[in-house]
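Tertiary structure, described
Now for the letters of each chain:
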Amino acid sequence: MDVRRIGVVGLGAMGAGIAQVAIEAGFDVVGREVSDELGTAATERIGHFLTRKVEKGRLAQDARDAALGRLRTTTDVSELVDCDLVVEAIVEELQAKRALFVELERFCRRDTVLATNTSALSVTEIAAATASPERVVGMHFFNPAPLMPLVEVVRGELSSDDAVATALDVVDRLGKVAVPCHDTPGFVVNRVLIPLLNDCVRVLDEARVSPEALDAAMTNGAGWPMGPCTLLDLVGIDVHVHASEALYEKLRETRMAPPPRLVAMRNAGLLGRKSGRGFHGY
Ligand code: 3HC
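About the criteria used
Residues numbered from 1 in each chain as written. Predicted model: local features only at pLDDT ≥ 70, side-chain atom pairs only at ≥ 80, totals over all residues. Heavy atoms only, no water. Domains from an automatic or database assignment. Contact = heavy atoms within 4.5 Å. Buried area = accessible area lost by both parts, 1.4 Å probe. Nonpolar A, V, L, I, M, F, W, Y, C, P; charged D, E, K, R; others polar. Pairing = 2+ DSSP bridges. Helix = DSSP H or I, 4+ residues; strand = E, 2+ residues; numbered from the N terminus. Axes fitted to C-alpha atoms, helices over the stretch in contact; angles between N-to-C directions.

Some details on the domain arrangement of the chain
- By the assigned domains, the chain splits into domain 1 (5–182) and domain 2 (189–274).
- Here the C-alpha centroids of domain 1 and domain 2 sit 26 Å apart.
- In this assembly, 12 residues from domain 1 lie in contact with 9 residues from domain 2.
- Taking both partners together, domain 1 and domain 2 bury about 780 Å²; carbon and sulfur atoms supply 59% of that area.
- When the residues that make up the side of domain 1 that touches domain 2 are grouped by side-chain class, the tally is 5 nonpolar, 4 polar and 3 charged.

Have a look at this one:
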């Protein structure tokens, strides 16, 4: 399908990033949030990052304005009716996602491709809530979406070749790198990254090093672009703990289980960048 209009449901850090990438690539975007205030906040966040690109000479002012002009926000799921592709980026809860996909199926055209940005839930289980699982795929972006090139295009058990092809085509037009894969716990990157980050947190206590020292070790010794504690703060401690729990539940591998230190941080509200404090202060 020749996708022109993309819906993004949930304009948090990931959804706003996905919407930004799409308007920059020339797509019309309808972003859906639960309140006008959240929709406005997301538009302002996107406007801020586009302005930074203008200030750094990476984007022309009129291109910035034209991109923002392609974004419309709404609180009403029925306004996604004209979208050729809808990307869901709401809270990582299976029941909430399944309920949303039922709603999307009701309001969207029959040929609209429905994609989930889930990081650790099953695309197949989300698709199974609908009567048309063949049009459901995973499109898993990485944080921060405007800067990270990869999108995993995840084939659920019943995804059609057409739906997968549409998602791959859109990823290409977004200027991103697609890695197609099947619906397995954590897909490709999180299957590797989540236990690795859990190992990093265990090393903090075992080797008795500070978060700053561990970050310095991995950036200077392993060439990571940012240290593991900085990365966990960026991803969100709550998001990481939730993804770890989801993978542990499915795979029963001990390295997948979130280290108690991370669970305690989550319970204390030390969520990283978004709460102002995690391993580091912001
Ligand atoms: N949205 C849009 N723009 C953003 C942004 C965001 N969320 N965050 C930063 N930017 C912009 C800012 O304008 C910033 O510039 P400013 O500070 O001057 O305003 C600019 O991007 C930074 O650009 P740089 O070219 O300077 O970026 P760096 O060279 O510092 O690289 C990085 C940043 C790409 C994030 C790099 O540090 C990196 O690759 N880190 C690793 C990130 C990673 O591993 N992500 C994956 C996490 S796992 C995941 O997402 C899976 C999920 O399921 C949990």
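Some details on the sheet that holds strand β5 (residues 113–116)
- The 8 strands are arranged β3-β2-β1-β4-β5-β6-β7-β8 in an open sheet whose pairing can be described as mixed. Each end of this open sheet is capped by a strand with a single partner; those strands are β3 (71–74) and β8 (177–182). Taking the axes of each pair of neighbouring strands and ignoring which way they run, one obtains an average angle of 25 degrees across the sheet.
- Bridge analysis of β5 against strand β6 (residues 136–141) gives 3 bridges, and the strand direction is parallel. Residue pairing in the sheet places alanine 115 in a bridge with valine 137 of β6.

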